[in-house]
Every structure is written in C-alpha cells, then in structure tokens.
Amino acid sequence: MSEASRELLRTDVDGGTFVLRNAVSADLPDILRLLMADSVGVTRENLVQMDPYREAFTAIDTDPAHQLVVGDFLGIDGVMPTVATFQLSVIPGLSRHGSWRSQIEAVRVSADLRGKGLGTLMIQWAIDESRRRGCSMVQLTTDKSRTDAQRFYGQLGFAGSHVGMKLIL
C-alpha cells in the first residue's frame, strides 16, 4: 500500500463520524497502544525495540494479500486518530475445493469508544472485502479469556466451530 492512506469507509455513528483507512507507518505507535490496551496484549508486546514492529509493518504493507486497517473518530471535540485497528489477510487453500479464506487478526477498539458500533462496522467491512476478494470463508481467533469478544463475534454470525491451537516459538 505504501504511504498513501486510502479511505475505505466513512459513516456517521453516535457522536461523530467513523473513518476506516489503510494504515500508514506513522500510525504504528497508536496501533501498538491499542494492542497493549488490555490485560492480554500488555503481556505480549515490548516497545523497547521498535525495529521488529517496523519490519512487520513493512511486510504487511507491501504484500497485497495483507491489509492493515485503522479507524479514526471525528467527533464534536475534534479528530481522535487511530481509535481502532485490525489486520485482514487473504489465504489460498486446497481444502473446500481450492477456496480462498480471509483471516481477521488483532481487532481492537479504544475502550472509551466501545458500544458505538465501531467494531461491527469494522468486521462488516472486512467480511464485505473478503467477499470482494473471492473468499468463501472468514475466520478469526480470540483469546479464551476474551469472553466479551467471543460474544460479540457470535452476534455477528461467527461460530466457534474449531479449536485453535498455538505453539509459541
């Protein structure tokens, strides 16, 4: 995507306007702040060394199969940049008749703006974009401890159909 931040969605919500756009490298500190804003994320991130984050951002940004998205909130009090984020990745596969799927990762909405429908707007945009890219399935994972997130995704039609397993290297 390079450094051009392309607007993806603009819609009025309670108290202002929500804008989804492609992330640019200048958004990285705010994205990391969102990732660290809960009890799970704060234990996984280490901002002492920023080079790995910059390298990961560049890899995501230069690969058309991946899209890092941020949301800005334009409220009565002005612009609140980068109040939400997620990553969308499109993955080819042989199963399901060689179908493509998308993976939604690192979904975050600033705690003070939850309940305004921003998460629903983001996930619906990701689902629509997945369809546009020819995907037959959208998948995501959430930490077992995030029961509110699990309930939220269930309300959007996601089913806990598989058991996710990870091996930390």
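Residues numbered from 1 in each chain as written. Predicted model: local features only at pLDDT ≥ 70, side-chain atom pairs only at ≥ 80, totals over all residues. Heavy atoms only, no water.

1. Things to note about helix α5 (residues 118–132)
And step 1. With 15 residues, α5 should reach 21 Å at 1.5 Å per residue; the first-to-last C-alpha distance of 21 Å fits that figure.
And step 2. Directly beyond the C-terminal end of α5, a positive phi value near 85° is found at Gly-134. (Helix = DSSP H or I, 4+ residues; strand = E, 2+ residues; numbered from the N terminus. Expected span 1.5 Å × (residues − 1).)

2. Examining the packing of aromatic side chains
And step 1. Applying the stated criterion across every chain, the model contains 3 aromatic pairs.
And step 2. Note on Phe-86 and Trp-125: the rings are 6.2 Å apart at their centroids and 55° apart in plane angle, and the pair reads as tilted. With Phe-86 in strand β4 (residues 78–91) and Trp-125 in helix α5, this pair connects stretches of sequence that are 39 residues apart.
And step 3. Residue Phe-86 is classed as buried on the basis of its relative accessible area of 1%. (Phe/Tyr/Trp six-rings, centres within 6.5 Å; stacked < 30°, edge-to-face > 60°. Buried < 20%, exposed > 50% of the residue type's maximum accessible area, 1.4 Å probe, protein only.)

3. As for the nonpolar core
And step 1. Within the largest apolar cluster, 22 residues are counted, with the highest numbers of intra-cluster contacts made by Phe-18, Leu-20, Phe-86, Ile-104, Met-122 and Trp-125.
And step 2. Elements with a minimum of two residues in this core: β1 (7–13), β2 (16–22), β3 (66–75), β4, β5 (100–109) and α5.
And step 3. Looking at this core element by element, the count peaks at 6 residues for α5.
And step 4. In terms of nonpolar packing, the next biggest core, distinct from the first, is built from 11 residues, Ala-23, Leu-28, Met-50 and Tyr-53 among them. (Core = buried A, V, L, I, M, F, W, Y, C linked by side-chain atoms within 4.5 Å.)

Keep in mind these values describe shape, not function.
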